[in-house]
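Architecture at a glance
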Amino acid sequence: MTEKLKQLMHERAESVDFATPDLDAMTRSGDRTVRRRRGLALVGGVAATTVLGVVAATQLGGGGTTTPVAVESPETAPLVWATGSTLHSADGGATNLGHEVRSLVRTSSGYVFADRDGTVWSWTDGEATDVGRTDARHPELVSDDEDGLAGWVDDSGDRPALVVLDQATGSVQQYDQHTEPGQDTLADAPNPVIFFGIDDGMAYWRDNRGAVAVDLGDGETRVIDGEMSTGFGIGDAENGLIAFTNLEGAAATVVGTSREAGVGLEEAWGTTGAFSPDGRWYSSEGDEQAVFDVTSGERVTLDLTQKFATGYEWLDATTLAVLAADRPRMDATAQLLTCKVPAGTCEVVVADLGTFEELEGDFALPVGEPTG
Amino acid sequence: MSGRDRSEFAEFVAARSPALHRAAYLMVGEVSLAQDLVQEALTKTYVAWPRLRDTSKAEIYTRKAITTTAIGWFRKKSWYGERITESLPERGSGGHEDLVAESDWLWSALLELPVRQRAAIVLRYYEDLTEAQTAEAMGCAVGTVKSQVSAALVKLRERLGDDPTLLPLHDLVVTR
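Because the structure is a prediction, the values reported are computed rather than measured.

1. Notes on the overall build of chain B
The helix and strand tally for chain B stands at eight helices and zero strands. Overall, chain B shows an N-to-C arrangement of helices and strands of α-α-α-α-α-α-α-α. Expressed as a percentage of the 176 residues in chain B, the buried residues total 54%. Across chain B, every contact between residues at least 6 apart in sequence was considered, and the portion connecting residues at least 24 apart equals 65%. Of the accessible surface of chain B, which amounts to about 7,300 Å², a share of 51% is contributed by carbon and sulfur atoms.

2. So, the side chain of A:Arg106
In this structure, A:Arg106 sits in strand 6 (residues 103-106). From its side chain, A:Arg106 meets the backbone oxygen of A:Pro78 in a polar contact 2.9 Å long.

3. Quick notes on the sheet that holds strand 5 (residues 94-96) of chain A
Residue and element names in this part refer to chain A. Strand order in the open sheet formed by four strands is 5-4-3-30, with antiparallel pairing between adjacent strands. The sheet terminates laterally at strand 5 and strand 30 (363-364), the two strands that pair on one side only. As judged from the four bridges shared by strand 3 (residues 80-83) and strand 4 (residues 86-89), these two strands associate in the antiparallel manner. By the bridge assignment, Val 80 is partnered in strand 4 with Ser 89.

4. A few points about the pattern of salt bridges
Tallied over the entire structure, the rule returns 22 salt bridges over all chains. The residue A:Asp331 makes a salt bridge to A:Arg327 at a minimum N-O spacing of 3.3 Å. Assessed through its relative accessible area of 37%, A:Arg327 is described here as partly exposed. A salt bridge links B:Arg16 to B:Glu59; the shortest N-O distance between them is 2.8 Å. On the criterion of sequence distance, the pair formed by B:Arg16 in helix 1 (residues 6-28) and B:Glu59 in helix 3 (residues 55-76) is long-range, its members being 43 residues apart. Looking at B:Glu59, the relative accessible area reads 16%, which means it is buried. Salt bridges here are not isolated pairs; linked through shared partners, they connect B:Arg16, B:Glu59, B:Arg63 and B:Glu127.

5. Some words on the pairing of strand 23 (residues 281-284) of chain A
Residues and elements named next belong to chain A. In strand 23, alternate side chains face the same way, and those of Trp 281 and Ser 283 on one face and Tyr 282 and Ser 284 on the other are all buried. Of the strand pairs in this sheet, strand 22 (residues 273-275) and strand 23 are connected by three bridges, and their pairing is antiparallel. For Phe 275, the partnering residue across the bridge sits in strand 23 and is Tyr 282. Where strand 22 folds back on strand 23, the antiparallel hairpin that results is connected by five residues, among which Gly 279 adopts a positive phi of roughly 75°. Bridge count between strand 23 and strand 24 (residues 291-293): three bridges; the pairing is antiparallel. Across the sheet, residue Trp 281 finds its bridge partner in strand 24, namely Asp 293. Here strand 23 hands over to strand 24 after six residues, the two strands then running antiparallel side by side.

6. Brief notes about the packing of helix 1 of chain B against helix 6 (residues 115-126) of chain B
Residues and elements named next belong to chain B. Put simply, helix 1 and helix 6 touch, their axes get as near as 8 Å, and they point 145° apart. In this structure, the crossing between helix 1 and helix 6 has a hand that is right-handed. Across the interface between the two elements, Arg 22, Ala 23, Leu 26, Met 27 and Val 28 from helix 1 touch Arg 118, Ala 119, Val 122, Leu 123 and Tyr 126 from helix 6. Split into classes, the residues belonging to the contact of helix 1 with helix 6 amount to eight nonpolar, no polar and two charged.

7. Concerning the state of the cysteines
Residue and element names in this part refer to chain A. Across all of its chains, the model carries one disulfide over all chains by this definition. The side chain of Cys 339 participates in a disulfide bridge whose partner is Cys 346; the two sulfur atoms lie 2.1 Å from each other. As the torsion about the S-S bond is roughly 110°, the Cys 339-Cys 346 disulfide counts as right-handed. Take Cys 346: its relative accessible area is 25%, and that puts it in the partly exposed class.

8. Considerations on the sheet that holds strand 26 (residues 308-314) of chain A
Residues and elements named next belong to chain A. Overall, antiparallel pairing links the four strands, which are arranged 26-27-28-29 in an open sheet. Lying at the two open borders of the sheet, with one neighbouring strand each, are strand 26 and strand 29 (346-350). Taken over all neighbouring pairs, the strand axes of this sheet differ in orientation by 35° on average, direction set aside. Inspection of the sheet shows strand 27 (residues 319-325) paired to strand 28 (residues 335-340) by six bridges, in the antiparallel sense. Within strand 28, the residue paired with Thr 319 across the bridge is Lys 340.

9. Quick notes on empty space enclosed by the protein
All names here are of chain A. A full pass over the atoms with the stated rule returns one cavity of 30 Å³ or more. By volume, the largest cavity amounts to about 100 Å³. Lining of the largest cavity is provided by Thr 134, Asp 135, His 138, Pro 139, Glu 140, Leu 141, Val 142, Val 153, Thr 185, Val 193, Ile 194 and Phe 195. Secondary-structure elements contributing two or more residues to the lining of the largest cavity are strand 10 (141-144) and strand 14 (194-199). Residue classes in the lining of the largest cavity are distributed as seven nonpolar, three polar and two charged.

10. A look at the pairing of strand 12 (residues 161-166) of chain A
On a regular strand, one side chain projects to one face of the sheet and the next to the other, so that they alternate. All names here are of chain A. Where burial is concerned, most of strand 12 is hidden: six out of the six residues are buried. Burial along strand 12 is two-sided: Ala 161, Val 163 and Leu 165 and Leu 162, Val 164 and Asp 166, pointing in opposite directions, are all buried. Where strand 11 (residues 149-154) lies against strand 12, six bridges are found, and the strand directions are antiparallel. Looking across to strand 12, one finds that Ala 150 is bridged to Leu 165. Joining the antiparallel neighbours strand 11 and strand 12 is a turn of six residues. Between strand 12 and strand 13 (residues 171-175), which pair antiparallel one after the other, the connecting turn spans four residues, and Gly 170 there sits at a positive phi close to 85°.

Calculation rules
Residues numbered from 1 in each chain as written. Chains lettered and ligands numbered in written order. Predicted model: local features only at pLDDT ≥ 70, side-chain atom pairs only at ≥ 80, totals over all residues. Heavy atoms only, no water. Helix = DSSP H or I, 4+ residues; strand = E, 2+ residues; numbered from the N terminus. Buried < 20%, exposed > 50% of the residue type's maximum accessible area, 1.4 Å probe, protein only. Contact = heavy atoms within 4.5 Å. Areas by Shrake-Rupley, 256 points an atom, 1.4 Å probe, with all protein chains shown as cover. Polar contact = N/O pair within 3.5 Å; in protein donor to acceptor, adjacent residues only side chain to side chain. Pairing = 2+ DSSP bridges. Salt bridge = Lys/Arg side-chain N within 4 Å of Asp/Glu carboxyl O. Axes fitted to C-alpha atoms, helices over the stretch in contact; angles between N-to-C directions. Left-handed = near helix turned anticlockwise from the far one by under 90°. Nonpolar A, V, L, I, M, F, W, Y, C, P; charged D, E, K, R; others polar. Disulfide = S-S within 2.5 Å. 1 Å grid on protein atoms, 1.4 Å probe; cavity = no way out; pocket = protein on both sides within 12 Å on 5 of 7 lines; lining within 4 Å. Points joined across faces, edges and corners; volume = space filled by probe spheres on them.

Now the structure itself:
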């Protein structure tokens, strides 16, 4: 009885000739994304999407009142940060996300953030969508900013669930087969459930098997450290390399595929950190900058005069974003810099974010946890 | 599939883009918009390529990207989602011209549906997906698919009458 409807759709669809998709345009656009050339820029309060998206939105909008600006995104991702519900970029752009931001990450498709209540929001195409819940005490998010994936731990059910959002399609997948009721989601709790990171289709988390790497395509899982008892054991993962942190011994961090087989990074004391997109460099969180060549373990010297400086995000393969201040005190003025690695040259991009006292509780960098 | 292999992706695009275009066209009703939609969805698929692991998953992913992207576009321009025409084409009762008119009439009615309902109809009755597969492609629950399909059919019946050969009456009942 559906025959006429079905027949109509087949006839209509087959009566049209479509142009062959522009493969070069797709792969160029995709490769730009992968190279961190994101299709997202803050332009006059409008979050511009890819050029294609803008074209389509314009067509749909017809005689709409807003004319989105098609912007060729910069090769290097812009510095961004959030205060209150506003997402700022270093070029002066500001976008109201509609909800207070306590924790922020970016993906190739947009941003994901958690508010003070632990609600997780997906921001794409100028719109915030409620996509889940996480621990309001310390909302932690992870993402692959070369892909559209973000993750967090949902503690709202009877047992913690690890959640993966694909911002490109809006799909949300939950994993709770290896957690149990009562497990905490804070890193310093015993036997916690912690999401360490996502990279290249692999999720890295800790559940009651220890630290595991889960292939998000087929679910295949590798236990990478069955002895890991806290949530402080992995700083980041990139290109199959894992930064094992919180170690005792000469090297506080080891970079490799296992704790036993890797390059030691002496004085990389941070329990978290950030690999450069190609996995060549690793910046360890701390009060003073600590960037390492992971092929040799050698520390890179950055030309910084600030007494407090911590690299927190790679804007491209050789540009590190740094949060700094002249003094490691709460009344010091926070600055944002970019430093080139390994050249070591640095430039102040945002000279005055306010003091750390002023920012406390109201400031988030795209690192996946509350910053101020 | 391994890594972001351009030649594998090119093969996938060559093999599947005609079918993807046709489904996209039914969802948006305009050729140029369907092409933009497929282009954007395939770009998203290319970015996700290394983790999709096999071609069948790539097609599911692309179909989902097409559907959710289309819904997103139309939701932001909600006036566009329900393009009520002032009058439907005349319906006849017999010959070839009448059949053509009936086809135009049904096509217009389909395009007037809100995008979620239209997507559900296209996925269920053009792509022949199950309710569960349709839910996966739309990023919603199976119950939502049932209600969207039912609401779409009610709307079509309001516009087209009770011709039992035209519409699937059994899906008018929401069974969730």
